[in-house]
Amino acid sequence: MENLIWIFVSALLVNNFTLSYFLGLCPFLGVTSRLETAFRLGLANIFVMVITAICSYALNTWVLPYAPYLRLITFIIVIASSVQFVEMAVKKLSPELFKALGIFLPLITTNCAILGLALFATNKGYGFVEGIVYALGAGGGVTLALALLASIREETRLMDIPDLVKGTALNLIIAGIISMAFMGFAGLFSAT
Amino acid sequence: MEQKNNMSAEEFLKGLWKENPVFVAVLGMCPALAVTNSAINALAMGLATTFVLVSSSLLVSLFRNIIPKQVRITAYIVIIATFVTVVDFLLAAYTPVVHKELGAFIALIVVNCLILGRQEAFASKNRAGLALADALGMSFGFTFALLCIGVIREVLGNGSLFGIGVFGEGYEPWVIMILPPGGFFALGFLLLAFNGVTERRKNKAKLKDLN
């Protein structure tokens, strides 16, 4: 149990996917102009990540021992089809959300956070339950980072900022500061 | 013939500055920030990406009339993943040290939006020669950008360049630059500089037009 909590908190805060591994930066910089959209994208991310964790566990156990060189290709294809599934479900359940997320939903396929999750979980040798907890932590971490940046960006809209700095440059610098704050979590577990 | 050459040259050059994948299009950010804590890692990542982008652009362009429209993205991804697997094994065999440093990020070249983006936007619509020029330009632009970030981070954060000290003993390194936040800061300020230069050029061109 303690081990599971550690995996969760580590993926959520200490080794945050977005802020310390730089994974999933495209949506991080692209969809974070509004808090609500960012939050929903984060939720979609968690969902896909959990599916990915289940799929990658299945692949690692039953398929890949026989053909290790197919690892990347099978991961990608399984992830792509699971994203397709989310996309269809979202389109059916809430067309509004589908419109709001626009191009970024299919792009979750080429989101490094998703493939990164599958690869890291494999490298760390996580089992089934550990994999799912890891996915929840990582997805929660991505959502947290998206929501933080989006709320700061909403505030900056009212500020007087030179044109030159507006846009990606400003977002990156804000992200750097958030990332610096997150570095404080590094001491959370090593001390005990 | 001459016009053909001009076109290829143009496709090549646009990737270096005008449509630079990192500074202008802001694509492929994950590797641009994750592995650029030293110049040598940045260079290795740039070259690996170059290999994957050039080979998959060439292949996609050659097969562009055979690949059915409905499954094109899947087809591109399979092609890209194949070349990434090749690079992964090549690096593991010949430069195990670099391979270990870059770790999972070599495998993550598969999901570099830059590569898939070029297949969809360019290679699938143009003949092989142009696709090759475009891929080369884009990947050199990408490597150039990575190297810029890598050099800045290594010089400031470690006081060295390609592992050789540049400031001597008395230099107190800015450790933050080789840690994750440094990546965000370095790219943020580089983008600022890039915007500044572009803006200035535009203004100069405007002045010329007025005169």
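Because the structure is predicted, anything quoted here is derived from the model rather than measured.

The subject of this paragraph is the pattern of salt bridges. Tallied over the full model, the rule gives three salt bridges over all chains. Between arginine 34 of chain A and glutamate 36 of chain A there is a salt bridge, with the nearest N and O atoms lying 3.7 Å from each other. When the shortest N-O distance is used, the salt bridge between aspartate 134 of chain B and arginine 118 of chain B registers 2.9 Å. On the criterion of sequence distance, the pair formed by aspartate 134 of chain B in helix α8 (residues 128-158) and arginine 118 of chain B in helix α7 (residues 113-123) is long-range, its members being 16 residues apart.

This brings us to helix α5 (residues 71-93) of chain A. Relative to the 33 Å expected for 23 residues at 1.5 Å per residue, α5 of chain A spans 33 Å between its end C-alpha atoms, a close match to the ideal helical length. When α5 of chain A is considered as a whole, its buried residues turn out to be Leu72, Ile73, Thr74, Phe75, Ile76, Ile79, Ser82, Val83, Val86, Glu87 and Val90 of chain A.

In this section: a nonpolar patch on the surface. Side chains of Leu58, Leu62, Phe63, Ile66 and Leu132 of chain B sit close together on the surface and give an oily, nonpolar patch of about 440 Å² of accessible area. Inspection of the secondary structure assignment puts leucine 132 of chain B in helix α8.

Another aspect to go through is the interface of chain B and chain A. Contacts between the two partners involve 35 residues from chain B, matched on the other side by 37 residues from chain A. Between chain B and chain A, roughly 3100 Å² of surface is buried when both sides are summed, and carbon and sulfur atoms account for 88% of that area. Looking only at chain B, the three residues that lose the most surface to chain A are Cys30, Val111 and Phe184 of chain B, adding up to 22% of its buried area. Counting across the interface, chain B meets chain A through zero salt bridges. For the interface between chain B and chain A, the tally reads zero residue pairs in polar contact (both at pLDDT 80 or more). Considering each element in turn, the side of chain B that touches chain A owes the most residues, 13 residues, to helix α9 (residues 180-210) of chain B. A class-by-class count of the residues in the side of chain B that touches chain A yields 28 nonpolar, six polar and one charged.

About the cut-offs
Residues numbered from 1 in each chain as written. Chains lettered and ligands numbered in written order. Predicted model: local features only at pLDDT ≥ 70, side-chain atom pairs only at ≥ 80, totals over all residues. Heavy atoms only, no water. Salt bridge = Lys/Arg side-chain N within 4 Å of Asp/Glu carboxyl O. Helix = DSSP H or I, 4+ residues; strand = E, 2+ residues; numbered from the N terminus. Expected span 1.5 Å × (residues − 1). Buried < 20%, exposed > 50% of the residue type's maximum accessible area, 1.4 Å probe, protein only. Patch = residues over 30% accessible without salt bridge, like charges linked within 9 Å, V, L, I, M, F, W, Y side chains within 5 Å. Areas by Shrake-Rupley, 256 points an atom, 1.4 Å probe, with all protein chains shown as cover. Contact = heavy atoms within 4.5 Å. Buried area = accessible area lost by both parts, 1.4 Å probe. Polar contact = N/O pair within 3.5 Å; in protein donor to acceptor, adjacent residues only side chain to side chain. Nonpolar A, V, L, I, M, F, W, Y, C, P; charged D, E, K, R; others polar.

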